[in-house]
Amino acid sequence: MSESLLAVRGSPGSPYTRKMLALLRFRRIPYRYIQCGMGDAGLPQPKVQLVPVFYFENDAGELDAEVDSTPIIRRLEDEYGDRSVIPTDPASAFLNYLVEDYGDEWLTKAMFHYRWYYEADIDMAGSVLPHYDDVTQDDETIAQLKKIFSERQISRLYVVGSNDTTASVIEDSYKRFLDCLNEHLKTYPFIMGHRPGSADFACFGQLTQLVQFDPTPAGIAAAGFPRVHAWVSKMEDLSGLEVTDDAFIDPDDMPSTLKVLFSEIGRTYVPVMLANSAAIDQGTDKVEATVEGKPWVQEPFPYQGKCLQWLRIEYTQLAEKDRGRVDAVLAGTGCEALLA
């Protein structure tokens, strides 16, 4: 492992940036954070222009740019040994993986929907986000950027499946998730128990925007779920938290609050992921599903097709005993359909 600081480029408005910076702080991995707009300092460009970007040294001593947070977390596990965010129990690790993917791939729909669906949220995001590149830009430039950026993002709502028909599905799911997390936090300080897993950081990343930035979802959280609001602030920097190896939840003694969360995942994330995978396999240009009794239509999302494949690979690599333990937890939640 290189003794130099790990370089990370990102933006405060990116939930995945916030996810990964908080994870680095918890794991006490030394890093330098290059905010967008500060220049790239000669660093290589990633193949896909997303943030955050992590720069890892390869065997030739050169830097490679990587942008996918899930495999980056696993690489960090290999290269930095302390304060893991992946449970050592294989069944627990799989359940952690499932919730992490839910945070990354479903809660992000709520984040994008609220930000670009309601006027107050559009105005907030359009006004603030362009400043992240350079706070010294003049007001006229910012006004132009606000218009261009907002129009482009609003036009992309269809990508996450947000429209007038699905709006209530997304918003009801967000509120139920807040309720699930709120009830769970009455007993455990983290989703994965008495120490955070990668699932905690994935959900936290989306909530940095939903709970503490965008007016409409933030108002919902502040009014009804102050415990969750506080949790998001506490998750930002857990570098001072001391942890023990046995602090993750035991799948054989799964609390009812997590069972409720898995049922919520089964109601929403599961049917959309399955329909997306089917559309990709069939080569169709439309994903069609029924979620909460309402039609869900969006374009196929190839990356989420890969996410489902990776999840299934993780499941098949479990020993038969551990698959049985996972099956027992997920039975009746709807999540078992992912693994059929």
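Structural data are supplied above this passage.
Note that the structure is a prediction, hence the values are computed from the model and not measured.

A few words now on the overall build of the protein. Within the protein one finds 13 helices and 6 strands. Over its C-alpha trace the protein gives a radius of gyration of 20 Å, about what one expects of a compact globule, namely 20 Å for 340 residues. Over its C-alpha atoms, taken along the principal directions, the protein stretches across nearly 60 × 50 × 45 Å. Residue burial in the protein is summarised as follows: out of 340 residues, 51% are buried. Across the protein, the fraction of contacts at a sequence separation of at least 24, relative to all contacts at a separation of at least 6, is 73%.

With mixed pairing, 4 strands are arranged side by side in an open sheet as 2-1-3-4. Two strands lie at the open edges of the sheet, namely strand 2 (31-35) and strand 4 (63-66), each paired on one side alone. On average, each strand axis in the sheet is inclined to that of its neighbour by 25°, with strand direction left out of account. Direction of pairing for strand 1 (residues 6-10) relative to strand 2: parallel, over a ladder of 5 bridges.

As a further point, take the side chain of serine 150. Inspection of the secondary structure puts serine 150 in helix 5 (residues 139-154). In terms of polar contacts, serine 150 uses its side chain to reach the backbone carbonyl oxygen of lysine 146, at 2.8 Å. Not counting residues up to four positions away in its chain, the partners in contact with serine 150 are Trp116, Ile122, Gly126 and Leu145.

This paragraph deals with helix 6 (residues 167-184). Residues separated by three or four positions in an α-helix point in the same direction, a consequence of the helix having 3.6 residues per turn. If you check helix 6, its first and last C-alpha atoms are 26 Å apart, about what 18 residues at 1.5 Å a residue would give, namely 26 Å. Counting buried positions over the 18 residues of helix 6 gives 13, a clear majority of the element.

Each pocket or cavity is described by its volume, and for the largest pocket that value is around 1600 Å³. Elements that contribute at least two residues to the lining of the largest pocket include exactly helix 1 (15-27), helix 2 (69-79), helix 3 (90-117), helix 5 and helix 12 (302-316). The element that contributes the greatest number of residues to the lining of the largest pocket is helix 3, accounting for 8 residues. Of the residues that constitute the lining of the largest pocket, the class distribution is 21 nonpolar, 10 polar and 9 charged.

Enumeration over the complete set of coordinates arrives at 12 aromatic pairs. Ring centres of phenylalanine 26 and phenylalanine 201 lie 6.0 Å apart, and the angle between their planes is 40°; this geometry places the pair in the tilted category. Taken as a pair, phenylalanine 26 in helix 1 and phenylalanine 201 in helix 7 (residues 198-210) lie far apart in primary sequence, 175 residues in all. According to the relative accessible area criterion, phenylalanine 26 is buried, its value standing at 0%. A relative accessible area of 0% means that phenylalanine 201 is categorised as buried. Ring geometry for tyrosine 102 against phenylalanine 177: centres 5.9 Å apart, planes inclined by 50°, an arrangement best described as tilted. Taken as a pair, tyrosine 102 in helix 3 and phenylalanine 177 in helix 6 lie far apart in primary sequence, 75 residues in all.

Let's shift gears to the pairing of strand 3 (residues 53-57). Within strand 3, 4 of the 5 residues are buried, which leaves it mostly tucked inside the rest of the structure. Across 3 bridges, the pairing between strand 1 and strand 3 is antiparallel. Looking at strand 3, one finds that arginine 9 is bridged to valine 53. Where strand 3 lies against strand 4, 4 bridges are found, and the strand directions are antiparallel. Looking across to strand 4, one finds that phenylalanine 56 is bridged to aspartate 64.

Counting through the fold element by element, glutamine 209 comes out in helix 7. In this structure the side chain of glutamine 209 is engaged in a polar contact, spanning 3.4 Å, whose partner is the backbone oxygen of proline 12. If near-sequence neighbours (up to four positions away) are discounted, glutamine 209 is found in contact with Pro12, Gly13, Ser14, Pro15, Arg18, Met111, Arg115 and Asp214.

Let us now look at the nonpolar core. A general tendency of soluble globular proteins is for nonpolar side chains to be buried together. Counting residues in each nonpolar core, the largest one holds 83 residues, and the members touching the most others are Leu76, Leu207, Trp231, Phe262, Tyr269 and Leu330. Top element by residues in this core is helix 3. It accounts for 13 residues. Beyond its immediate sequence surroundings of up to four residues, leucine 330 is in contact with Phe94, Leu95, Leu98, Lys259, Phe262, Cys335, Glu336 and Leu339. Counting residues in hydrophobic clusters, the runner-up holds 8 residues, among them Trp116, Leu129, Leu157 and Val160.

Rules used throughout
Residues numbered from 1 in each chain as written. Predicted model: local features only at pLDDT ≥ 70, side-chain atom pairs only at ≥ 80, totals over all residues. Heavy atoms only, no water. Helix = DSSP H or I, 4+ residues; strand = E, 2+ residues; numbered from the N terminus. Rg over C-alpha atoms; globule rule 2.2 N^0.38 Å. Buried < 20%, exposed > 50% of the residue type's maximum accessible area, 1.4 Å probe, protein only. Contact = heavy atoms within 4.5 Å. Pairing = 2+ DSSP bridges. Axes fitted to C-alpha atoms, helices over the stretch in contact; angles between N-to-C directions. Polar contact = N/O pair within 3.5 Å; in protein donor to acceptor, adjacent residues only side chain to side chain. Expected span 1.5 Å × (residues − 1). 1 Å grid on protein atoms, 1.4 Å probe; cavity = no way out; pocket = protein on both sides within 12 Å on 5 of 7 lines; lining within 4 Å. Points joined across faces, edges and corners; volume = space filled by probe spheres on them. Nonpolar A, V, L, I, M, F, W, Y, C, P; charged D, E, K, R; others polar. Phe/Tyr/Trp six-rings, centres within 6.5 Å; stacked < 30°, edge-to-face > 60°. Core = buried A, V, L, I, M, F, W, Y, C linked by side-chain atoms within 4.5 Å.

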